[in-house]
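A structural walkthrough
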Amino acid sequence: MGVPAHDQRDFDFARKYNIPIIAVVKPSDGPVPDGDTMPESVEADGVACNSGQFDGLTTPEAIKNITEWFEKQELGKREVQYRLRDWLISRQRYWGTPIPMVYCDKCGIVPVPEDQLPVELPLDIEMPENGGNPLALREDWINTRCPVCGGPARRETDTMDTFFCSSWYFSRYTSPWCKDRPFDKDDASYWMTVDQYIGGIEHACLHLIYARFFTKVCADLGLLPKDYREPFKRLLTQGMVIKDGAKMSKSLGNVVDPDEIMKKYGADTARLFILFAAPPEKDLDWSERGVEGANRFLGRVWRLFETGIDGIKSAPKTHIPMKEITDHSERQIKRITHLTLDKVTRDIRDERQFNTAVARLMELTNALISFQPKDAKGWQVMREAAETLLCCLSPFAPHIAEELWHMIGNDTFISVEKWPEVEREALEEDEVTVVLQINGKVREQFDVKSGLSKEELESEVMSRAETQKRLEGKTIIKIIAVPGKLIT
């Protein structure tokens with residue numbers, strides 16, 4: 001790029017070969033970087049400097065104006081570059097879409113006529129022992145007639161890369177039984193576009209861009225509605241699984257056999273670990289210790305229900321409103337249950353942060369293990385908490401959740417249960433911690449009843465013996481009370 005002050009690669013090159021470094025962008029809130037002493041390049045946007053007539057412009061403004069100046073001087077022109085890799089469409093393998101071309105000694109390369117499409121692959125194929133394309137060995141399939149002259153011709157034996165099919169399969173899903181065209185336009189109009197697409201990070205600049213191309217072409221051809229220009233509304237690209245410092249792949253020989261994980265720990269443990277180990281868009285570092293940790297958590301959940309099965313099973317399924325609960329420990333369990341439900345719902349539905357959702361369920365489980373119901377009312381609160389835990393756990397560990405759901409006396413399947421609703425009143429804290437400041441210095445922190453007004457908070461604090469003692473011999477000039485936070 002030739003801007004050593006603002007590109008680290010150029011900076012390193014310039015330092016090595018003693019090339020002058022001149023800053024042409026300065027931070028918006030700081031001085032111009034000194035090219036002789038700056039330790040590294042400054043790559044953030046800022047304000048143009050040492051740039052003649054463009055000094056003082058912000059980086060986006062400078063780029064626009066400099067580009068226009070070059071075009072007016074006929075010294076250059078603007079271009080848009082797309083980081084799209086070339087598509088190696090031709091593959092020497094059996095699985096794939098046949099390339100509908102034939103080779104004729106007289107006519108050359110000839111496309112297969114539309115009325116002879118699709119070209120179908122032979123089903124009685126035998127894979128070569130030493131590898132290679134099995135189609136190249138099927139003379140009965142390769143030999144055909146030229147569509148132009150009728151003379152002998154040979155089929156193309158390469159097949160298209162599987163990206164060709166994965167670039168439009170989602171539209172085919174809207175009308176899988178349509179026989180006279182790829183998909184029915186009305187069906188596609190009803191179902192599309194895809195609300196949420198989830199794919200691997202390596203597909204972000206390949207398959208997903210090709211899918212956009214195919215969709216636009218199909219719309220232009222009238223196969224799709226004209227306003228159907230984009231296939232996906234939202235995209236979530238998954239991170240890769242890393243093991244021993246490298247991407248997990250068959251070619252590297254570092255693949256973990258899922259069957260062995262299932263045999264040793266069960267499917268729920270595998271699911272839970274994968275969802276808990278990292279956010280969906282980040283790389284997942286495979287860890288045997290992490291798998292064991294997920295298994296231990298599910299064991300704690302099982303023991304929680306096993307230990308309290310009689311009390312939970314005998315408790316009514318109705319929920320007691322927060323306003324009718326007076327016992328402190330019961331109110332705390334009710335509160336953490338609905339706080340967890342509220343946060344897990346947002347983690348799953350809005351943020352798609354499954355790892356934090358699992359972490360919250362672990363915290364709820366620990367709270368329930370410590371809770372000791374005193375009477376029937378306590379067990380009723382416990383049952384609500386336990387059922388909420390299972391409903392929230394079900395998407396992550398469906399097998400154990402279903403089993404425990406039936407163990408506590410439910411006849412329905414938890415997988416079809418309605419998602420629990422948050423009781424907003426249960427989210428409110430009984431007490432809040434306020435800070436006492438005297439002359440600008442923090443002197444104490446203590447809990448007061450939540451919901452106090454400024455006047456009530458001031459009265460509550462000033463009536464405390466500890467506060468009166470701290471104020472002995474001092475003249476009160478001003479009191480500032482911020483409800484729920486501090487008094488100074």
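Read on for a plain summary of the structure.

Quick notes on the rules
Residues numbered from 1 in each chain as written. Predicted model: local features only at pLDDT ≥ 70, side-chain atom pairs only at ≥ 80, totals over all residues. Heavy atoms only, no water. Helix = DSSP H or I, 4+ residues; strand = E, 2+ residues; numbered from the N terminus. Rg over C-alpha atoms; globule rule 2.2 N^0.38 Å. Buried < 20%, exposed > 50% of the residue type's maximum accessible area, 1.4 Å probe, protein only. Contact = heavy atoms within 4.5 Å. Areas by Shrake-Rupley, 256 points an atom, 1.4 Å probe, with all protein chains shown as cover. Pairing = 2+ DSSP bridges. Salt bridge = Lys/Arg side-chain N within 4 Å of Asp/Glu carboxyl O. Axes fitted to C-alpha atoms, helices over the stretch in contact; angles between N-to-C directions. Parallel < 35°, antiparallel > 145°, perpendicular 65-115°, else oblique. Left-handed = near helix turned anticlockwise from the far one by under 90°. Nonpolar A, V, L, I, M, F, W, Y, C, P; charged D, E, K, R; others polar. Phe/Tyr/Trp six-rings, centres within 6.5 Å; stacked < 30°, edge-to-face > 60°. Core = buried A, V, L, I, M, F, W, Y, C linked by side-chain atoms within 4.5 Å. Expected span 1.5 Å × (residues − 1).

Some words on the overall build of the protein
If you tally the helices and strands in the protein, you get 16 helices and 18 strands. On C-alpha atoms alone, the protein measures out to a radius of gyration of 34 Å, which is more than a quarter above the 23 Å that the 2.2 N^0.38 rule sets for 488 residues. Of all 488 residues assigned to the protein, the portion counted as buried reaches 36%. Here the contacts in the protein between residues at least 6 apart in sequence split such that 58% fall between residues at least 24 apart. Surface accessibility of the protein: about 30400 Å² in total, with carbon and sulfur atoms responsible for 53%.

Overview of the sheet that holds strand S4 (residues 97-98)
Spatial strand order, S3-S9-S4: three strands in an open sheet with antiparallel pairing. Bordering the open sheet on either side are strand S3 (90-91) and S4, each of which pairs with just one other strand. Taken together, the two bridges between S4 and strand S9 (residues 159-160) define a ladder with antiparallel strand orientation. Along S9, the bridge assignment pairs Thr97 with Met160.

Some words on the pattern of salt bridges
Counting across every chain of the model gives 25 salt bridges. With a shortest N-O distance of 3.1 Å, Arg78 and Glu71 are connected by a salt bridge. What emerges from the salt-bridge pattern is a single network uniting Arg91, Arg93 and Asp161.

Side note on the packing of helix H10 (residues 288-314) against helix H14 (residues 398-407)
The contact between H10 and H14 brings their axes to 10 Å, and the two run at 15°. As the angle between them shows, H10 and H14 are arranged roughly parallel. The interaxial crossing formed by H10 with H14 has right-handed handedness. For the pair H10 and H14, the contacting residues are Leu298, Val301, Trp302, Phe305, Ile309 and Lys313 in the first and Ile400, Glu403, Leu404 and Met407 in the second. Here the residues of the contact of H10 with H14 sort into eight nonpolar, no polar and two charged.

Concerning the environment of Gly473
Relative to the helices and strands, Gly473 resides in the loop between helix H16 (465-470) and strand S17 (481-482). Gly473 sits in the exposed class, given a relative accessible area of 90%. For the pair Gly473 and Glu324, spaced 149 residues apart in sequence, the C-alpha separation works out to 46 Å.

A few points about the pairing of strand S5 (residues 101-104)
Here is the key point about a regular strand: its side chains alternate between the two faces of the sheet. Covered by surrounding structure in S5 are Val102 and Cys104 only, the residues Met101 and Tyr103 on the alternate face being uncovered. Here four bridges tie S5 to strand S6 (residues 108-111), and the two strands are oriented antiparallel to one another. Within S6, the residue paired with Tyr103 across the bridge is Ile109. Hairpin geometry of S5 and S6 is characterised by an intervening segment of three residues between the two adjacent antiparallel strands.

So, the packing of aromatic side chains
The geometry of an aromatic ring pair is captured by two quantities: the separation of the ring centres and the angle between the planes. Tallied over the entire structure, the rule returns eleven aromatic pairs. Between Phe13 and Tyr17, the aromatic rings sit 4.9 Å apart at their centres with planes inclined by 45°, giving tilted as the arrangement. For Tyr17, a relative accessible area of 49% gives the class partly exposed. Ring geometry for Phe170 and Phe232: centres 5.1 Å apart, planes at 70°, overall edge-to-face. One end of the pair, Phe170, is in helix H5 (residues 169-172); the other, Phe232, is in strand S11 (residues 232-238), with 62 residues separating them in the sequence. Accessibility assignment for this pair places Phe170 and Phe232 in one class, buried.

Re the nonpolar core
Grouped burial of nonpolar side chains is what soluble globular proteins tend to show. Of all hydrophobic cores here, the largest spans 46 residues; its most connected members are Leu272, Phe297, Phe305, Leu361, Leu368 and Leu393. Secondary structure elements with two or more residues in this core: helix H8 (258-265), helix H9 (267-277), H10, helix H11 (328-351), helix H12 (354-370), helix H13 (376-393) and H14. If we skip the residues at most four places from it in the chain, Phe305 touches Ile312, Ala386, Leu389, Leu390, Leu404 and Ile408. One finds Phe170, Val194, Leu208 and Cys218 within the second-largest nonpolar core, a separate group that totals 13 residues.

Remarks on the sheet that holds S6
The strand order S6-S5-S8-S7 describes an open sheet built from four strands, whose pairing is antiparallel. The sheet is open, and its two borders are formed by S6 and strand S7 (143-145), each paired with just one other strand. Across the sheet, the axes of successive neighbouring strands diverge by a mean angle of 40°, strand direction being ignored.

Re the environment of Ile408
Position of Ile408 among the secondary structure elements: in the loop between H14 and strand S15 (431-438). In this structure Ile408 comes out as buried when scored by relative accessible area, which is 0%.

Regarding the environment of Val291
Structurally, Val291 is set in helix H10. We classify Val291 as buried; its relative accessible area is 1%. In sequence terms Val291 and Gln332 are 41 residues apart; their C-alpha atoms lie 31 Å from each other. Not counting residues within four places of it along the chain, the set of residues in contact with Val291 comprises Tyr265, Thr269, Phe273 and Trp286.

What to know about H11
In this model, H11 (24 residues) spans 32 Å end to end at C-alpha, consistent with the 34 Å of a helix rising 1.5 Å per residue. Two residues or fewer after H11 comes Arg352, characterised by a positive phi angle close to 55°.

Digging into the packing of H11 against H12
With their axes 9 Å apart at the nearest point, H11 and H12 run at an angle of 170° to one another. By the criterion of interaxial angle, the relationship of H11 to H12 is roughly antiparallel. When the axes of H11 and H12 are compared, the crossing they make is left-handed. Contact with H11, carried on its side by Ile333, Ile336, Thr337, Thr340, Lys343, Val344, Asp347 and Ile348, involves Phe354, Thr356, Ala357, Arg360, Leu361, Glu363, Leu364, Ala367 and Leu368 of H12 and no other residues of that element. Here the residues of the contact of H11 with H12 sort into ten nonpolar, three polar and four charged.

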